[in-house]
Every structure is written in structure tokens, then in C-alpha cells.
Amino acid sequence: MSRFSERMKAIDRQVDEEFVEFEPITLLIGSEVRITAGIFEEVAEPVKLPSGGEIEHSGPVLSLSTQDIQGLKKQHQVLFGGESWWVKHIGINEIGRARIYLAKGKPNEAAPSLKNWS
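Residues numbered from 1 in each chain as written. Predicted model: local features only at pLDDT ≥ 70, side-chain atom pairs only at ≥ 80, totals over all residues. Heavy atoms only, no water.

A.B. asks: Explain the packing of aromatic side chains to me, using residue names and the numbers behind them.
C.D. replies: For the structure on display, the rule yields 2 aromatic pairs. For the ring pair F40 and F80, a centre distance of 4.8 Å and an interplane angle of 35° mean the geometry is tilted. Note that F40 is positioned in strand β3 (residues 39-41) and F80 in strand β5 (residues 77-80), a separation of 40 residues in sequence. Each of the two residues, F40 as well as F80, counts as buried. Among the aromatic residues, ring-to-ring pairing joins F40, F80 and W85 into one connected group. (Phe/Tyr/Trp six-rings, centres within 6.5 Å; stacked < 30°, edge-to-face > 60°. Helix = DSSP H or I, 4+ residues; strand = E, 2+ residues; numbered from the N terminus. Buried < 20%, exposed > 50% of the residue type's maximum accessible area, 1.4 Å probe, protein only.)

A.B. asks: Can you explain the pattern of salt bridges? Please cite residues and give values.
C.D. replies: As enumerated under the stated definition, the model contains 3 salt bridges in all. Close ionic contact of E32 with R34 constitutes a salt bridge, the shortest N to O distance being 2.9 Å. Assessed through its relative accessible area of 36%, E32 is described here as partly exposed. Classification of R34 by relative accessible area gives buried; the value is 17%. Across the pair E41 and R99 runs a salt bridge whose closest N-O atoms are separated by 3.1 Å. Remark: R99 occurs in strand β7 (residues 97-104) and E41 occurs in strand β3; sequence separation between them is 58 residues. (Salt bridge = Lys/Arg side-chain N within 4 Å of Asp/Glu carboxyl O.)

A.B. asks: Quick one: what's the story with the nonpolar core, residue by residue and with numbers?
C.D. replies: General note: in soluble globular proteins, nonpolar side chains tend to be found buried as a group. Within the largest apolar cluster, 15 residues are counted, with the highest numbers of intra-cluster contacts made by L62, V78, I100 and L102. Contributions of two or more residues to this core are made by β1 (25-29), β4 (61-65), β5, β6 (83-90) and β7. (Core = buried A, V, L, I, M, F, W, Y, C linked by side-chain atoms within 4.5 Å.)

A.B. asks: Talk me through the sheet that holds β3; I want residue IDs and the actual numbers.
C.D. replies: The strands making up a sheet associate through backbone hydrogen bonding, with each pair oriented either parallel or antiparallel. One open sheet accounts for 7 strands, arranged β2-β1-β5-β6-β7-β4-β3; its pairing is antiparallel. Strand pairing shows two members of the sheet lacking a second neighbour, β2 (32-36) and β3, which therefore form its edges. Direction aside, the axes of adjacent strands within the sheet are offset by 30° on average. With 4 bridges joining them, β5 and β6 adopt antiparallel strand pairing. Bridged to F80 within β6 is E83. (Pairing = 2+ DSSP bridges. Axes fitted to C-alpha atoms, helices over the stretch in contact; angles between N-to-C directions.)

This is the structure:
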């Protein structure tokens, strides 16, 4: 392992100690139920651009150890905070960590109908 990788792992351990969620994160990977710990980030508002428009990927993200997500794929279910989420995208391996982009609800569940337009 390179010196850089060793230092990054040490920093990741420090980040985990400070920011990891107290509540466990449950990954439903096929028929397996995997309990893990990680960092959950939820954007409170859409990210708007000064020239108009919004950034599309402004939803919640999990930062997890790549060891913990072996076998995780798009559409797999994630349970956290009393809510159900599903995996939209799995980010690249960043020296032992990956960012998991989530959408609210259960996989393959129809989105609720819109009643009011802005």
C-alpha cells in the first residue's frame, strides 16, 4: 500500500469517528440483509444555478466503506432513519470509500402523483 493510501485510510477512520451516523444503515442486497455504518448526507433544497435550472443529482448520498457495499447494485433497497431508499447510482471507489446516490421510496415503486405544480 502506498504512503498516500495509508494516510487516506487513517483520515477516513478519523472522519468516521466524527461523522458516522449513530443509527445503523441497512442494505438489502438480494436476499441478504447487511447492517453497516456510514455517513448520510441529505440536501435540504434543490441546487439552483444562477443562470437558471437545477443540478439533477442533489438527492441524498451515503458515504460507505467499499468493503461494506460488495454486491450492492442499482435498485437495491437501503433502510435508514425509519425510511426506505433505493440505490440510483454507485460512485467510484475513492480509496476504500464510495458514494451511494439514493432516491426515496422502495425500488420499482410508483412515484406518488403530483397534486400541485409550482
